[in-house]
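Structural overview
Below, each chain spelled out in residue letters.
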Protein chains: 4
Amino acid sequence: MVKEGDQSVTLDLLKQKMAEFARERDWDKSHSPRNLLLALVGEVGELSEIFQWKGEVPKGLPDWNEEERVHLGEELSDVLLYLVRLSDICGIDLGRAALRKVQLNALKYPVSLSKSASSKNQEWRNFTRWSIYGNAFDMITILFGEKCRYRFI
Amino acid sequence: MVKEGDQSVTLDLLKQKMAEFARERDWDKSHSPRNLLLALVGEVGELSEIFQWKGEVPKGLPDWNEEERVHLGEELSDVLLYLVRLSDICGIDLGRAALRKVQLNALKYPVSLSKSASSKNQEWRNFTRWSIYGNAFDMITILFGEKCRYRFI
Amino acid sequence: MVKEGDQSVTLDLLKQKMAEFARERDWDKSHSPRNLLLALVGEVGELSEIFQWKGEVPKGLPDWNEEERVHLGEELSDVLLYLVRLSDICGIDLGRAALRKVQLNALKYPVSLSKSASSKNQEWRNFTRWSIYGNAFDMITILFGEKCRYRFI
Amino acid sequence: MVKEGDQSVTLDLLKQKMAEFARERDWDKSHSPRNLLLALVGEVGELSEIFQWKGEVPKGLPDWNEEERVHLGEELSDVLLYLVRLSDICGIDLGRAALRKVQLNALKYPVSLSKSASSKNQEWRNFTRWSIYGNAFDMITILFGEKCRYRFI
């Protein structure tokens, strides 16, 4: 039944599906922002349970069987679906916000600095230093307002 | 700079952007499944902090100013971006998994039952009852394997 | 200033301190169950951030400096303090509940079974198997009520 | 069987019980810091599930039946027990750290300011303002080291 994959699945499609799902079941009234947020936290808990006793897990999960992978896909999806629904109910355009956040992160962690720091095995220190600058950056926003930050970007 | 919104933003686009972002900064080695999972939990914490002292919040966040909305969009995005990255690193096609999960949920919570239960103010009991069936359903999967479950769907 | 340690710190002492702290600052009205729960989730996020980029961490944290240890102690404490406060606000005797839960766990995971399973490197399978029994146990409670479960214990 | 309550339950008692529990079952090897942290996140998820569809919940949970209260006590306990175990495995004296954190919080949120701010319905702004000072305070620690901070307190 499922033919589409990452390539074609937009956040908008998932938003529409979740909205339709809730409307058909009269669940709109229980889908308040904080209800959905706690449901999201619940799903993050289930996602964590999958990894909790495994120790460090290599990329690509080479030792996991098909059943474990399917289960993982379900828990990742539960988190995503509640996140999409929460954003919709809050009136946030999640796709637009995510693209903007990638741009903000690119400003916060410039390529050159990160790379040299990383090659010197100082990634953690770099993180710390940049997070101080990052806080300064946030402080500018707090002091001068979001519009200033927008213009900056 | 940001022109696209939900309509056109695919999970694949975000996956590509995150992969490129990590590669450019030599961060691939620190993007292990459990590192990313804990980073995701950290972002869920920051998302929760936005809502923590607000009491119940109505849909659409009518009383929130622009700065608060932008901040919320950033935290929702952080959760999304780590979720997309975690899925990629685990080799899970998140878009495909999410569409499949919507279908599974439709089987688990049929429209007719949910609606009548809801109209009788018994949504919670309905949830409980269905979660028992849901567990039975999971037990079938555990006993007879994932392929059986696939065929069933 | 701080002289006491684990030996003498009771959950009741922390409950009293948190209640007094909130009362002195007129914070009682914002300490609703779900506000405190979201604050707890926020603190769990901060705790996770400490561990997020570290890969596997050995017991006793041999490579952590004093500053990192103090920071960790603060985040662990924040989780504890909100947990104690949430329990108090919900009218749950956390100490009593915790001792009872240890007893329930002892029934759920008997020593002999766990040990032999563990020695055969099958801890995970054992977990799975016992969680099915665990669910059956929960189902008994759902069907026959909590009192039955109490008597059983 | 359970006679003790909050009054007499120390963090040390719970630490001893958890250590003994793990030792008897040969679980020490799976109780690494990050395994326990993810298990804690899993339990926080289960705690959130209890509250997720309930909307705002009044203090004391007047409408909850005995079964729901017992269930809540179990999930609160699961979070506590993993928190105590995680602290022990990390070599952190949780009781001592918690008492110190209460003192730090008292410095961060002085009674007089909080009360007047609160009475003017500006609790949120006060939080924000103090969190800036709080960051400044953390910055001092980062710059001059933990000992300086200790002396200050």
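These figures come from a predicted structure and were not determined experimentally.

Let us now look at the interface of chain A and chain C. Opposite the twelve residues of chain A that make contact, chain C presents twelve residues. Together, the buried faces of chain A and chain C total about 1000 Å²; carbon and sulfur atoms form 64% of this surface. For chain A, the biggest contributors to the area lost against chain C are R34(A), L38(A) and E56(A); these three give 47% of the whole. If you list the elements that add at least two residues to the side of chain A that touches chain C, you get α2 (33-51) and α6 (123-144) of chain A. Residue contributions to the side of chain A that touches chain C peak at five residues, all from α2(A). Looking at the side of chain A that touches chain C residue by residue, the classes come out as six nonpolar, two polar and four charged.

Attention shifts here to the pattern of salt bridges. A complete count under the given rule lists 33 salt bridges over all chains for this structure. When the shortest N-O distance is used, the salt bridge between E56(D) and R34(A) registers 3.0 Å. Of this pair, E56(D) sits in the loop between α2 (33-51) and α3 (66-90) while R34(A) is found in helix α2, placing the two residues in two different chains. A relative accessible area of 32% places E56(D) in the partly exposed class. Across the pair E74(A) and R100(B) runs a salt bridge, and its minimum N-O distance is 3.2 Å. Highlighted residues: E74(A) in helix α3 (residues 66-90) and R100(B) in helix α4 (residues 94-108), drawn from two different chains. The pair formed by E74(A) and R100(B) is uniform in burial state, with each residue classed as buried. One salt-bridge network, in which partners are shared between bridges, spans R34(A), E56(B), R34(C) and E56(D).

Further remarks concern the packing of helix α1 (residues 11-24) of chain A against α4(B). In the contact formed by α1(A) and α4(B), the axes pass within 11 Å of each other and the chain directions differ by 5°. Judged by the angle between their axes, α1(A) and α4(B) are roughly parallel. Residue-level inspection shows L13(A), L14(A), K17(A) and F21(A) of α1(A) in contact with α4(B), the latter providing A98(B), L99(B), V102(B), N105(B) and A106(B). Across the contact of α1(A) with α4(B), the residue classes tally to seven nonpolar, one polar and one charged.

A separate point is the relation of the copies chain B and chain A. Least-squares fitting of chain B to chain A yields an RMSD of 0.0 Å, with the superposition described by an axial translation of 0.0 Å and a rotation of 180°. Viewed as a symmetry operation, the transformation between the two copies matches a two-fold axis. Within chain B, T10(B) has its C-alpha nearest the rotation axis, a separation of 2.0 Å. When the interface residues of chain B are mapped onto chain A, 100% of them are again interface residues, pointing to one common binding face.

Topologically, C90(D) is positioned in helix α3. Distance from C90(D) to P33(D), taken between C-alpha atoms, is 6.6 Å for residues 57 residues apart in sequence.

Further remarks concern the relation of the copies chain A and chain C. Relating one copy of the chain to the other requires a rotation about an axis plus a shift along that axis. Placing chain A over chain C gives an RMSD of 0.0 Å and needs a rotation angle of 180°, together with 0.0 Å of translation along the axis. The overlap is high: 100% of the interface residues of chain A also sit at the interface in chain C, so the same surface is used on both sides.

Before going further, it helps to spend a moment on the confidence of the model for chain A. Per-residue confidence for chain A gives a mean pLDDT of 81, with 69% of residues at or over 70. Both confidence scores are given for the complex: pTM 0.80, ipTM 0.78.

Scanning the model with the defined rule gives 16 aromatic pairs over all chains in all. Aromatic side chains F51(B) and W64(B) sit 5.3 Å apart centroid to centroid with 45° between the ring planes, which places their arrangement in the tilted category. With F51(B) in helix α2 (residues 33-51) and W64(B) in the loop between α2 and α3 (66-90), this pair connects stretches of sequence that are 13 residues apart. W64(B) matches F51(B) in its accessibility class, with the two residues each being buried. Through a chain of ring-to-ring contacts, the aromatic side chains of F21(A), W27(A) and Y109(B) assemble into a single cluster. Here R25(A) stacks its cationic end above the ring of F21(A), 3.6 Å away from the centre of that ring.

We now examine α1(A). Between its first and last C-alpha atoms α1(A) spans 20 Å; for 14 residues at 1.5 Å apiece the expected length is 20 Å, and the two agree. Residues L11(A), D12(A), L14(A), K15(A), M18(A), A19(A), F21(A) and A22(A) constitute the buried set of α1(A). Buried positions along α1(A) lie against α3 and α4 (94-108) of chain A together with α1 (11-24), α3 and α4 of chain B.

Cut-offs and rules
Residues numbered from 1 in each chain as written. Chains lettered and ligands numbered in written order. Predicted model: local features only at pLDDT ≥ 70, side-chain atom pairs only at ≥ 80, totals over all residues. Heavy atoms only, no water. Contact = heavy atoms within 4.5 Å. Buried area = accessible area lost by both parts, 1.4 Å probe. Helix = DSSP H or I, 4+ residues; strand = E, 2+ residues; numbered from the N terminus. Nonpolar A, V, L, I, M, F, W, Y, C, P; charged D, E, K, R; others polar. Salt bridge = Lys/Arg side-chain N within 4 Å of Asp/Glu carboxyl O. Buried < 20%, exposed > 50% of the residue type's maximum accessible area, 1.4 Å probe, protein only. Axes fitted to C-alpha atoms, helices over the stretch in contact; angles between N-to-C directions. Parallel < 35°, antiparallel > 145°, perpendicular 65-115°, else oblique. Least-squares fit on C-alpha atoms with pLDDT ≥ 70 in both. pLDDT = per-residue confidence, 0-100. Phe/Tyr/Trp six-rings, centres within 6.5 Å; stacked < 30°, edge-to-face > 60°. Lys NZ or Arg CZ within 6 Å of the ring centre and 35° of its normal. Expected span 1.5 Å × (residues − 1).

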